Amino acid sequence: MTNRPIRAAAVAVVAAALLGGAVAPAVAARPRPGAVASASVLAGHADSLHPEDAVWDAGHGRFLVGSIRHGTVSAVRPDGSVRTLVDDPAVLVSVIGIQVDRARNRVLVANADPGFGLRHEAGKVVAGIGAYDLETGRRLFYTDLAAVAADGGRHFANDLVLGPDGEAYVTDSFAPVLYRVRPDGRASVILRDQRLAAPVGGFGLNGIVRHGRTLLIAKYDDGTLWRVPVDRPEDFRQVRLAGPTAIGLDGLYRASGGRLLGVTNTLGGAGADTLVDIRSTDGWRTAVLTARPSADPAPTAVVAGPHGSVWTLSGRMDLLFGGTTDDRFTLRRL
């Protein structure tokens, strides 16, 4: 992701148009998982939703997507239409990463302000994690991670991953910080190191996955991959990658065989729209990366789907960051 400015006049016009077109509230009907599983492309459509991340909610047979523009979480029907599940304007500005905590019947969301949402407030630092009931969308807790960092700097909660104990680990794209969030919402900084710093005006730490007792984290600006032991985060190391440089490395997904699938995009400037495959045979001290072109522009996430399927997400962030909005998003099966 990036935070290129949009001219104030353009933002005002778009915001005025969108405020009159809120997405409809959630309904109780559950889509059939088989209808999604049999598809190769799920063509989503909603009023300028621009999702950055998605997750499969197996308990309800549906994909959930966040929204950069509206700051909501929506359920996607098999025909690509959506219904809003979570709408919490008191705290949510732009929903970035999302994860389902099925054991606790809730969805966790990373909240930030890249400057393109209808709830954007200039000069306000937004970085948090919220938990919401999967049936009702009711808020269960919200934790201000910028306050947890307690350094007075810029912060951006980006991606998160859950452990089997219900703890969440959250990356910060504007600060060299990794957070741990307990199941009850209590949070702490478990890693802070300038080697993980983002360039001025750019994005640093991004996608995150868990591999046993190890966290693997992508760094967007330079395409590096970092290995963080859960029990000794201070012993983190850079993974030595062989293969093409993956500048713009965004979402990560742990696939079969322990390998990682990910995407790169051009939203931050240099780089390309690609799908990447990363494999290691030595416990993620070294790895080999291969890449191929993405079928969709500006992919931001790789997502698990029904029956072991894997999908990529394009929320047309390229258009949003370029100053226009679009009603389309694409979930494409790999």
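Every value quoted in this text rests on a predicted model; they were computed, and no experiment measured them.

A. Up close: the pattern of salt bridges. Taken as a whole and assessed by the stated rule, the structure comprises 21 salt bridges. Residue Asp88 pairs with Arg139 through a salt bridge whose shortest N-O separation is 2.8 Å. With Asp88 in the loop between strand 5 (82-87) and strand 6 (94-101) and Arg139 in strand 9 (residues 139-144), this pair connects stretches of sequence that are 51 residues apart. Given a relative accessible area of 10%, Asp88 falls into the buried group. Residue classification places Arg139 among the partly exposed positions, given a relative accessible area of 35%. The salt bridge partner of Asp101 is Arg104, with a shortest N-O separation of 3.3 Å. Look at the salt bridges and you will find they share partners, linking Asp101, Arg104 and Arg106 into a network.

B. Structural view of the sheet that holds strand 12 (residues 177-181). Read across the sheet, four strands follow the order 10-11-12-13 without closing on themselves; strand pairing throughout is antiparallel. Whereas interior strands pair on both sides, the edge strands pair on one side only; in this sheet they are strand 10 (157-162) and strand 13 (187-192). Along the sheet, successive strands turn relative to each other by an average axial angle of 25°, direction set aside. Pairing of strand 12 with strand 13, which is carried by five bridges, proceeds in the antiparallel orientation. Residue pairing in the sheet places Arg180 in a bridge with Ser188 of strand 13.

What counts as what
- Residues numbered from 1 in each chain as written.
- Predicted model: local features only at pLDDT ≥ 70, side-chain atom pairs only at ≥ 80, totals over all residues.
- Heavy atoms only, no water.
- Salt bridge = Lys/Arg side-chain N within 4 Å of Asp/Glu carboxyl O.
- Helix = DSSP H or I, 4+ residues; strand = E, 2+ residues; numbered from the N terminus.
- Buried < 20%, exposed > 50% of the residue type's maximum accessible area, 1.4 Å probe, protein only.
- Pairing = 2+ DSSP bridges.
- Axes fitted to C-alpha atoms, helices over the stretch in contact; angles between N-to-C directions.

Keep in mind these values describe shape, not function.
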